[in-house]
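What follows is the residue order along each chain.
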Amino acid sequence: MRQPDIEIYLKDADVDHQQIAQWLSEAIGPCSQWKQKGQTFKCQAGNIPVTWLPKAVGKWNSLYLESDQTPWADDVACARAAFAALNVEVRCAPGGWVEEDGEEDADRWIRISADGEEEITWRTS
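The text that follows walks through the structure, step by step, so that each part is easy to find. (Residues numbered from 1 in each chain as written. Predicted model: local features only at pLDDT ≥ 70, side-chain atom pairs only at ≥ 80, totals over all residues. Heavy atoms only, no water.)

## Focus on the state of the cysteines
Now for step 1: Using the criterion set out here, one finds zero disulfides in the structure.
Now for step 2: With no disulfide of its own, C43 lies 4.2 Å from the sulfur of C31, the closest cysteine sulfur.
Now for step 3: With a relative accessible area of 6%, C43 lands in the buried category.
Now for step 4: Free of any disulfide, C92 has its nearest neighbouring cysteine sulfur in C78, separated by 8.2 Å. (Disulfide = S-S within 2.5 Å. Buried < 20%, exposed > 50% of the residue type's maximum accessible area, 1.4 Å probe, protein only.)

In structure tokens form, the structure reads like this:
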């Protein structure tokens, strides 16, 4: 089942929003100019709203694609594509998470890096 949106986290210092725009232009469609509001950057990749939040969680940047019309069915597929294209460590939830799933599942993450893919516990709060 497709997720209604996609959110992945990319390791800081290894990637910036300009590299993200180039990757998304190739993967989805041309990116509009980034508009900065406070610490947040927004653009459109094709017809998909994109939000880039540097240092959203410690040294991790958040990439949020606000659509179910991306080339990826879920966060993990997007994270794999981001790692392949950008060669930067990526983390994402193993599936869609909702509050009813409870706090325990909120700390379950998939880590994709040069070491491979693994499930980790990542306490983000």
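## Focus on the nonpolar core
Inside soluble globular proteins, nonpolar side chains tend to come together where they are buried.
Now for step 1: Within the largest apolar cluster, 29 residues are counted, with the highest numbers of intra-cluster contacts made by I8, L10, I20, L24, L63 and L65.
Now for step 2: Within the residue set of this core, elements represented by two or more residues are β1 (6–11), α1 (17–27), β3 (40–45), β4 (48–57), β5 (60–65), α2 (75–86), β6 (90–92) and β7 (108–113).
Now for step 3: The leading source of residues in this core is α2, at six residues.
Now for step 4: With residues near it in sequence (within four places) discarded, I8 still touches N61, S62, L63, D75, C78, A79, A82, V90, R91 and C92. (Core = buried A, V, L, I, M, F, W, Y, C linked by side-chain atoms within 4.5 Å. Helix = DSSP H or I, 4+ residues; strand = E, 2+ residues; numbered from the N terminus. Contact = heavy atoms within 4.5 Å.)

## Quick look at the packing of aromatic side chains
Now for step 1: What the rule picks out here adds up to six aromatic pairs.
Now for step 2: Geometrically, the ring pair formed by W34 and F41 is edge-to-face, given 6.5 Å between the ring centres and 90° between the ring planes.
Now for step 3: When its relative accessible area of 14% is taken as the criterion, W34 is described as buried.
Now for step 4: Taking relative accessible area as the criterion, F41 reaches 12% and is therefore assigned buried.
Now for step 5: An aromatic cluster is defined as three or more aromatic residues linked by ring pairs; in this entry it consists of Y9, W60, W109 and W122. (Phe/Tyr/Trp six-rings, centres within 6.5 Å; stacked < 30°, edge-to-face > 60°.)

## Concerning the pairing of β4
Now for step 1: Pairing of β3 with β4, which is carried by five bridges, proceeds in the antiparallel orientation. Bridging from a neighbouring strand, Q44 pairs with P49 of β4.
Now for step 2: With five bridges joining them, β4 and β5 adopt antiparallel strand pairing. Paired with V50 across the two strands is L65, which belongs to β5.
Now for step 3: Connecting β4 to the next strand, β5, in antiparallel fashion are two residues, including G58 with a positive phi near 60°. (Pairing = 2+ DSSP bridges.)

## Here's the deal with the sheet that holds strand β8 (residues 116–121)
Now for step 1: Taken in spatial order, the eight strands line up as β2-β3-β4-β5-β1-β6-β7-β8 in an open sheet, and their pairing is antiparallel. At either margin of the open sheet sits one strand with a lone partner, and together these are β2 (35–37) and β8. The average angle at which neighbouring strand axes cross in this sheet is 25°, direction not considered.
Now for step 2: Pairing of β7 with β8, which is carried by six bridges, proceeds in the antiparallel orientation. Residue R108 lies in a different strand from β8, and its bridge partner there is T121.
Now for step 3: Relative to β5, α1 is tilted by about 35°, and along the sheet it contacts β1, β3, β4 and β5.
Now for step 4: Running at roughly 35° to β1, α2 makes contact with β1, β5, β6, β7 and β8 of the sheet. (Axes fitted to C-alpha atoms, helices over the stretch in contact; angles between N-to-C directions.)

## Details of the environment of W52
Now for step 1: Summarising the element assignment, W52 is placed in strand β4.
Now for step 2: Linking W52 and T40, residues 12 residues apart in sequence, is a C-alpha distance of 6.0 Å.
Now for step 3: Ignoring sequence-local partners within four residues, the contact set of W52 consists of L10, V15, D16, H17, I20, W34, Q39, T40, F41, N61, S62 and L63.

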